[in-house]
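Read off the chains here:
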Amino acid sequence: MADGISSFWGPVTSADWCEKNYVYSSYIAEFFNTISNIPSILLALIGLINALRQRFEKRFSILNISNMILAIGSMLYHSTLQRMQQQGDETPMVWEMLLYFYILYSPDWHYRSTMPTFLFLYGAAFAVFHALVRFGIGFKVHYAILCLLCIPRMYKYYIYTKDVSAKWLAKLYVGTIFLGSLCWLLDRILCCDISQWYFNPQGHALWHVFMGFNSYFANTFLMFCRAQQLGWNPKVVHFMGFFPYVKVEKPKTQ
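First, a word on scope: everything that follows refers to the structure included in this document. (Residues numbered from 1 in each chain as written. Predicted model: local features only at pLDDT ≥ 70, side-chain atom pairs only at ≥ 80, totals over all residues. Heavy atoms only, no water.)

## Regarding the overall build of the chain
Thought 1: A tally of regular secondary structure across the chain gives nine helices and two strands.
Thought 2: For the chain, the sequential pattern of α-helices and β-strands runs α-α-α-α-α-α-α-α-α-β-β.
Thought 3: Over its C-alpha atoms the chain spans a radius of gyration of 20 Å, differing by no more than 12% from the 18 Å that the globule rule assigns to 254 residues.
Thought 4: Taken along the three principal axes of its C-alpha coordinates, the chain extends 65 × 45 × 30 Å.
Thought 5: The burial tally for the chain puts 43% of its 254 residues in the buried class.
Thought 6: Within the chain, contacts between residues separated by at least 24 positions form 63% of all contacts whose residues are at least 6 apart in sequence.
Thought 7: In the form shown here, the chain has an accessible surface area of approximately 14,300 Å², with 70% of it arising from carbon and sulfur atoms.
Thought 8: Averaging the coordinates of the 20 positive side-chain charges in the chain and doing the same for the 13 negative ones gives two points 16 Å apart. (Helix = DSSP H or I, 4+ residues; strand = E, 2+ residues; numbered from the N terminus. Rg over C-alpha atoms; globule rule 2.2 N^0.38 Å. Buried < 20%, exposed > 50% of the residue type's maximum accessible area, 1.4 Å probe, protein only. Contact = heavy atoms within 4.5 Å. Areas by Shrake-Rupley, 256 points an atom, 1.4 Å probe, with all protein chains shown as cover. Lys, Arg positive; Asp, Glu negative; His and termini not counted. Charge placed at Lys NZ, Arg CZ, Asp CG, Glu CD.)

Spelled out as C-alpha cells, the structure:
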C-alpha cells in the first residue's frame, strides 16, 4: 500500500499479485490490473453487436456476454482483493470454458439436449462448491484441464479451414494466449525481483489485455467455422483495413 493512502475495502483476503496496492486510489487496490480489463469488455461488446446484427445463433451472443461478465468480475476482484470477488472472477472463467466446450463439440453431438443439460448442471455444481471450498492450485489445474479439452476440436477446425484470413485468426488466437501466458508466468515467478525495479511492466495487466484479444480472435474464428457449417458463405473482413470480423451471406430461404 502506498504511503498516506488507506484501504477502503479492508485487509486483503484473496490472492494478491505483483502490483503494489492502493497506489492511486483508496478504492482501487490494483489499478493497472483493474483497468486492463476494459479492452476485454469493449472487444466482447463488438463481438456481441456483430453476432446480433448478423443473427448468429444465440450461443455466440451468450459467449460474448460471458466474456464481458468475466472481465467485470476481474475488475471487481482486482479493485478489492477480497475473497468473494475472487470467486466472482474465477467462477465465470469456468462457465466461459464450458460455453466454449459446447460451441466446439455440440455440432457433432447426436443427443442435443444432453450436452447443454450436463454442462449447465456441472457449472452450477462448480459454483456452489467453489463458494464453499477455497482452493488455489486445484482451481488452476481444473481450469487448465477444461482448456486442454478444447484444443483437439480447435485444431480440427483449423486444419479443415481453407480460408487464409480465418487461419490467421486462429494463429492470432495462439499468439495472444502464448504472450499472455508468458506475461502471467513472469509476473508470478519474478515478482520479488520485479518489485525492486524502478518500473513494473505490469505482467498481469498485460495478461488481461492479451486475453481480451485472445477471446475476440477465438470467438471470431468460431463464428466463421459455424457459419461455414450452416452454409452462410462467411468471409473475414477488416474494419479500417486491420480489425477483423466475420461477414456472412445467408441463403435467401433463411
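That covers the picture; the talk isn't over yet.
## Looking at the environment of Val236
Thought 1: Within the fold, Val236 resides in strand β1 (residues 235-239).
Thought 2: Spatially, the C-alpha atom of Val236 lies 45 Å from that of Thr13, the residues being 223 residues apart in sequence.

## Things to note about the side chain of Asn219
Thought 1: Mapped onto the elements, Asn219 comes out in helix α9 (residues 203-229).
Thought 2: The class for Asn219 is buried, based on a relative accessible area of 3%.
Thought 3: A polar atom in the side chain of Asn219 sits 3.2 Å from the side chain of Asn64.
Thought 4: Sequence-distant contacts of Asn219, defined by excluding residues within four places in its chain, comprise Phe60, Leu63, Asn64, Asn67 and Tyr100. (Polar contact = N/O pair within 3.5 Å; in protein donor to acceptor, adjacent residues only side chain to side chain.)

## Quick look at the pattern of salt bridges
Thought 1: Taken as a whole and judged by the stated rule, the model has four salt bridges.
Thought 2: The shortest N-O distance in the salt bridge between Glu57 and Arg226 comes to 2.7 Å. Taken as a pair, Glu57 in the loop between α2 (38-53) and α3 (58-80) and Arg226 in helix α9 lie far apart in primary sequence, 169 residues in all.
Thought 3: Among the salt bridges present, the one from Lys156 reaches Asp108, with a minimum N-O distance of 4.0 Å. Here Lys156, found in helix α6 (residues 137-160), pairs with Asp108, found in the loop between α4 (83-105) and α5 (114-132); they are 48 residues apart in sequence, far enough to count as distant.
Thought 4: Judged by its relative accessible area of 34%, Lys156 is partly exposed. (Salt bridge = Lys/Arg side-chain N within 4 Å of Asp/Glu carboxyl O.)

## A closer look at the pairing of strand β2 (residues 243-247)
Thought 1: Looking at chain direction, β1 and β2 are connected through five bridges and run antiparallel. The residue bridging Phe239 from the neighbouring strand is Phe243, located in β2.
Thought 2: The antiparallel hairpin formed by β1 and β2 contains three residues in its connecting segment, where Met240 sits at a positive phi of about 60°. (Pairing = 2+ DSSP bridges.)

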